[in-house]
Structures are given as structure tokens and as C-alpha cells.
Amino acid sequence: MAYKLPVSVLVVVHTAALDVLLLQRVSPPGFWQSVTGSLEPGESPAEAALREICEETGIAARPQDLVDWRRCNRFAIREEWRHRYAPEVSHNLEHVFSLCVPDGQPVTLAPDEHDATFWLPHDAAAAKVFSWTNRDAILQLPDHFPAGRRR
């Protein structure tokens, strides 16, 4: 069995008005999140972020539109997902990014991963996600995308 690397990306996809795209996981049900995913061998965090955005939303983002927050979170891997990693692995290192998209951006879900979407104002989105790292990133979105830089 090929184990997942314990290095991942979190990408907050948002509009200029700071409405945030949330995806509902198929399993476990009821878990809302931003775009996430593990790196593949030889892949950089930015490459993984662009791949995961496309796989999970159908959005073909350009590298120059991706904002690398140069921030990493370390957290314990949830017990129900631990079997995907090597036996000695208990924690994951997550690289944080954001992507601003136009209002009305169409989203095509990967049905094996997600079954619903919401666009919510960033404060409401932060209250809905299950991960503390996702919540914190959404709450910090105005710091990384201030009003003066909004389109």
C-alpha cells in the first residue's frame, strides 16, 4: 500500500467580497471545508494547491493567481484517516494558500470527495468548517486580501 505523505495544502477560495467557497465532504458526512489535499511525491505545495483546486472544484487556476501565505499548520491526523498514512505518522504539516475568483464562479465537484457547496461570507464560513486550521485561515482572509486590493 502506498501511504499518503503527511504534508498537505489548504486553499481558501474566495471572491473579492470575501465570500468563501465551502465544500461538504462525502465522508464523514456533514464536514464542511475549503479545498484541501495531500502532496504527491515530488510535488511542491503550490503545485498541489493548483491540482487540488482543479480536482475538487473544476477551477483551472493560474499559478500567478494563487497566494502563498507562507504559513504552515501542524496538527494531529484524525483517527479515522490515520490508516492512510504510514504507521509511525501521527501529524500533518499543512501549507496555506488562497485564491480569489470572480463572483458566480462555476464549481464542478469531485463526487467521490464532496457532495455540496456553499458560498458564504467569510465570518459565516469560518463558523461552519470543522477544522481549526481552516477556521483560522478564513478568519485571517481580510489580512491577506485587504479592501484596497479587492477587485
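Since we're looking at a predicted model, the values are computed, not measured.

> Explain unusual backbone geometry here, please?
Among all residues save glycine, negative phi is the norm, and among peptide bonds the norm is trans. For the bond from serine 27 to proline 28, the omega torsion is -5°, close enough to zero to count as cis. By the secondary structure assignment, proline 28 is in the loop between β2 (19–25) and β3 (32–33). In the Ramachandran plot, leucine 18 falls in the positive-phi region, its phi being about 70° despite a non-glycine side chain. Within the secondary structure layout, leucine 18 lies in the loop between β1 (7–14) and β2. You can call leucine 18 buried: its relative accessible area is 3%. Although it is not a glycine, arginine 70 adopts a positive phi angle of roughly 55°. Its location among the elements puts arginine 70 in strand β5 (residues 66–76).

> What is the right way to read the side chain of glutamate 52 from this model?
One can find glutamate 52 in helix α1 (residues 45–57). The exposure class of glutamate 52 is buried, given its relative accessible area of 6%. Engagement of the side chain of glutamate 52 in a polar contact is seen with the side chain of arginine 51, the distance being 2.9 Å. With sequence-adjacent residues up to four places away left out, glutamate 52 is seen in contact with Val9, Val35, Thr36, Gly37, Ser38 and Thr57.

Rules of the game
Residues numbered from 1 in each chain as written. Predicted model: local features only at pLDDT ≥ 70, side-chain atom pairs only at ≥ 80, totals over all residues. Heavy atoms only, no water. Helix = DSSP H or I, 4+ residues; strand = E, 2+ residues; numbered from the N terminus. Buried < 20%, exposed > 50% of the residue type's maximum accessible area, 1.4 Å probe, protein only. Polar contact = N/O pair within 3.5 Å; in protein donor to acceptor, adjacent residues only side chain to side chain. Contact = heavy atoms within 4.5 Å.

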